[in-house]
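Observations on chain architecture
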Amino acid sequence: MGAVHRRRTDGSWDGVPPRSYGSGGRRHELIGPGDGAHRYSVRYFEIPAGETTTLERHAHDHGVVLQRGRARVTLGAETHELGPGDVVYVAPGELHSFEAIGDEPLAFICVRGD
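Below: a short report on this structure. (Residues numbered from 1 in each chain as written. Predicted model: local features only at pLDDT ≥ 70, side-chain atom pairs only at ≥ 80, totals over all residues. Heavy atoms only, no water.)

**Topic: empty space enclosed by the protein**
The full count for this structure, using the stated rule, is 1 cavity of 30 Å³ or more. The space that makes up the largest cavity amounts to roughly 40 Å³. Taken together, Tyr21, Gly22, Ser23, Gly25, Ile47, Pro48, Glu51, Thr52, Thr53 and Thr54 make up the lining of the largest cavity. Residue classes in the lining of the largest cavity are distributed as 3 nonpolar, 6 polar and 1 charged. (1 Å grid on protein atoms, 1.4 Å probe; cavity = no way out; pocket = protein on both sides within 12 Å on 5 of 7 lines; lining within 4 Å. Points joined across faces, edges and corners; volume = space filled by probe spheres on them. Nonpolar A, V, L, I, M, F, W, Y, C, P; charged D, E, K, R; others polar.)

**Some thoughts on the pattern of salt bridges**
In the structure shown here, the tally under the stated rule is 5 salt bridges. A salt bridge links arginine 26 to glutamate 46, with the shortest nitrogen-to-oxygen separation between them at 2.6 Å. Placement of arginine 26 in strand 2 (residues 25-31) and of glutamate 46 in strand 3 (residues 40-47) is noted, with a sequence separation of 20 residues between them. Accessibility expressed as a relative area gives 13% for glutamate 46, which makes it buried. One salt bridge connects glutamate 99 with arginine 72, and the closest N-O pair in it is separated by 2.9 Å. (Salt bridge = Lys/Arg side-chain N within 4 Å of Asp/Glu carboxyl O. Helix = DSSP H or I, 4+ residues; strand = E, 2+ residues; numbered from the N terminus. Buried < 20%, exposed > 50% of the residue type's maximum accessible area, 1.4 Å probe, protein only.)

**Let's talk about the packing of aromatic side chains**
Under the defined criterion, the tally for this structure stands at 4 aromatic pairs. An angle of 20° between the planes, with centres 5.0 Å apart, marks the rings of phenylalanine 45 and phenylalanine 108 as stacked. With phenylalanine 45 in strand 3 and phenylalanine 108 in strand 9 (residues 106-113), this pair connects stretches of sequence that are 63 residues apart. Each member of the pair, phenylalanine 45 as well as phenylalanine 108, is classed as buried. When the centroid spacing of 5.0 Å and the interplanar angle of 25° are considered together, the rings of phenylalanine 98 and phenylalanine 108 count as stacked. In this pair, phenylalanine 98 sits in strand 8 (residues 96-101) while phenylalanine 108 sits in strand 9, placing the two residues 10 residues apart along the sequence. Of the two residues, phenylalanine 98 and phenylalanine 108, both sit in the buried class. Against the face of tyrosine 44 rests arginine 7, its NZ or CZ located 5.0 Å from the ring centre. (Phe/Tyr/Trp six-rings, centres within 6.5 Å; stacked < 30°, edge-to-face > 60°. Lys NZ or Arg CZ within 6 Å of the ring centre and 35° of its normal.)

**Let's talk about the nonpolar core**
As a rule of thumb, soluble globular proteins bury nonpolar side chains together. Ranked by internal contacts, the top residues of the largest apolar core, which has 16 residues, are Val64, Leu66, Val73, Val88, Phe98, Leu106 and Phe108. Sorting the residues of this core by element identifies strand 3, strand 4 (62-68), strand 5 (70-75), strand 7 (87-90), strand 8 and strand 9 as the ones contributing at least two each. The contact partners of valine 64, leaving out residues within four places of it in the chain, are Asp86, Val87, Val88, Phe98, Phe108, Ile109 and Cys110. Within the second largest apolar cluster, 6 residues are counted, among which are Trp13, Val42, Tyr44 and Ala107. (Core = buried A, V, L, I, M, F, W, Y, C linked by side-chain atoms within 4.5 Å. Contact = heavy atoms within 4.5 Å.)

**Thoughts on the environment of alanine 3**
For alanine 3, the position within the fold is in the segment before strand 1 (19-21). When its relative accessible area of 48% is taken as the criterion, alanine 3 is described as partly exposed. Between the C-alpha atom of alanine 3 and that of valine 87, which follows or precedes it by 84 residues, the distance is 25 Å.

Don't take any of this as a statement about function, it's just geometry.
Right, here's the structure in full:
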């Protein structure tokens, strides 16, 4: 059975409680196992200006679409500066992080394969 989570005017979604992420960030799991999706998930992240996600690597791959703000993205030994609408593919096992640069928070959608 499918699921719908409507976005509220305060930036949250019906039925999707935010979870804290890193230093003041928030993560919303928009689609995941609770919705019946067992092979992938769709998540929305907000990272405060000046903060960085954890430098990490995972066994799964994922794709990221920047929604708001500017980012310095680390992929392995490379860094890239990106903005709204830009897309990032993170390969399995690749070291990566996202830093919110500039004065506004960074927001992005992440689709994770399992």
